[in-house]
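# Structural overview for review
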Amino acid sequence: MKAANARVFRNYYRQRTANQWHKIEAEVGTPDAIRPFIAGNWKMNMIPKSGIALAARIFDQCRGIKDVDIGLAPPFTGLSILGEYIKPDFLRSEYGLGRNVFLLAQDTFFEYKGAFTGEISPEMLSAIGVDRVIIGHSDRRANLGKYFGFGSSVARRLTTSFLAHELEEQKAAKTRDEQVIAALEHLVGVKPEILAGMARFLEDELKERAGESDEAIHRKVKAALAQGLQVILCCGENWEARAAHETFHLLDRQIRIALEGVSPRTIKEVVIAYEPVWAVGEGAEPATPAQISEVHDFLRNLIMDLYGEQTAASIRILYGGNVKPDNVIEIMMLSGVDGVLVGGASLRAKDFSQIIRFGLD
Ligand code: PGA
């Protein structure tokens, strides 16, 4: 399909509710690349048994839906058993669903194997039937510092006695780093209360921001694609970046670094999810339709710069951040939105199936 046609089709398809899409599909067939994609990220919720029960309730309320791609992302411990449960033949006979249900992992590591306690490789995921993997979610990009206390371990080192000890060690080292020595010499002379203030500043910064770097995310994207997994690449600005008008600059960096070296052939296996950090999670307000449209247009243009018009027309860009049954139709009808990544509401069968069925009820 030519890029221009894809655009026309895209608009035609979007201006209609899911109810009317069935007719459109019968007329012209829905190109896979622009089928809506509704994904539920269960985060750290659901033991395997409750995950299966939740999936069963969702499928029951989405009987016969074939033209919306549905993704379920349980925690690692639920992947295997859910993978067994969502076999296409069973879903077809039991719920009238097609091959439109996908098993998603919430993360992957980038190494193939080795001494990485607690990590899971892309190969391990595909061996248990995972189709797609979420990479760069803001819970991991931004919140790890909070969970793991990165800030306090750095702050503890900013005391005169620790720095003096470090200085001695550095001076005695076989390979001396003169720049580090000069900095330490300066810092041991700084008033303790200034050091304490700096320690608190750094602690807060790291708590707020430390998490997976753009480079780590890039390595994960490459490793997952090399394993044949599709990638749901999350990006999004925090509130400070938005307030400082740095949203586009930041998204540009996140996407360019993440996709560095991803070939025009493999980019087809990537879905982008725009998740403004400030709009994600309990109690936050979703982004407004205008904010979503503006960013989705920006991201599509960026993909056009990197991969050309045809790819830009066919790549799926999802929105995530407090998507609920009562706002999903408005969001899905925005011309640059190809689907949604849902957190909290995906844990409630009724809400998530209403989101999947958006416009059908
Ligand atoms: P939310 O989460 O829907 O609970 O805001 C979205 C996400 O984190 O993917």
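Structure shown above.
Structural notes, computed from the coordinates.

Parameters at a glance
- Residues numbered from 1 in each chain as written.
- Predicted model: local features only at pLDDT ≥ 70, side-chain atom pairs only at ≥ 80, totals over all residues.
- Heavy atoms only, no water.
- Helix = DSSP H or I, 4+ residues; strand = E, 2+ residues; numbered from the N terminus.
- Buried < 20%, exposed > 50% of the residue type's maximum accessible area, 1.4 Å probe, protein only.
- Areas by Shrake-Rupley, 256 points an atom, 1.4 Å probe, with all protein chains shown as cover.
- Lys, Arg positive; Asp, Glu negative; His and termini not counted.
- Charge placed at Lys NZ, Arg CZ, Asp CG, Glu CD.
- Patch = residues over 30% accessible without salt bridge, like charges linked within 9 Å, V, L, I, M, F, W, Y side chains within 5 Å.
- Salt bridge = Lys/Arg side-chain N within 4 Å of Asp/Glu carboxyl O.
- Near = heavy atom within 4 Å.
- Polar contact = N/O pair within 3.5 Å; in protein donor to acceptor, adjacent residues only side chain to side chain.
- Nonpolar A, V, L, I, M, F, W, Y, C, P; charged D, E, K, R; others polar.
- Arc of directions from axis to C-beta.
- Contact = heavy atoms within 4.5 Å.

## So, the overall build of the chain
Of regular secondary structure, the chain possesses 19 helices and 8 strands. Counting only C-alpha atoms and orienting by the principal axes, one finds that the chain spans roughly 75 × 40 × 40 Å. Scored against the burial criterion, the 361 residues of the chain give a buried share of 48%. Total accessible area computed for the chain in this model is approximately 17600 Å², and 54% of it derives from carbon and sulfur atoms. Computing the positive centroid from 43 side-chain charges and the negative centroid from 47, the chain places the two 4 Å apart.

## Examining a nonpolar patch on the surface
On the surface, a nonpolar cluster with roughly 360 Å² of combined accessible area is contributed by Tyr147, Phe148 and Phe150. Note on placement: Phe150 falls in helix α9 (residues 150–155).

## Examining the site of the ligand
In the vicinity of the ligand, the contacting residues are Asn41, Lys43, His137, Glu275, Val280, Gly281, Gly321, Asn322, Leu341, Val342, Gly343 and Gly344. Lys43 places a polar side-chain atom, nitrogen or oxygen, 2.6 Å from an oxygen atom of the ligand. Burial of the ligand by the protein amounts to 97% of the accessible area it has alone, namely 280 Å². Taken together, the residues of the shell around the ligand sort by class into 3 nonpolar, 7 polar and 2 charged.

## So, helix α11 (residues 178–188)
Restricting attention to buried positions, one finds in α11 the residues Ile181, Leu184 and Leu187. Burial along α11 is one-sided: seen end-on, the buried residues are contained in an arc of 130°. Structural note: α11 exposes Gln179 and His186 on the side pointing more than 90 degrees away from its buried face. The elements touched by buried residues of α11 are α10 (160–172) and α12 (192–209). Measuring from the side-chain oxygen of the N-cap residue of α11 to the backbone nitrogen of Gln179 gives 3.1 Å; that N-cap residue is Asp177.

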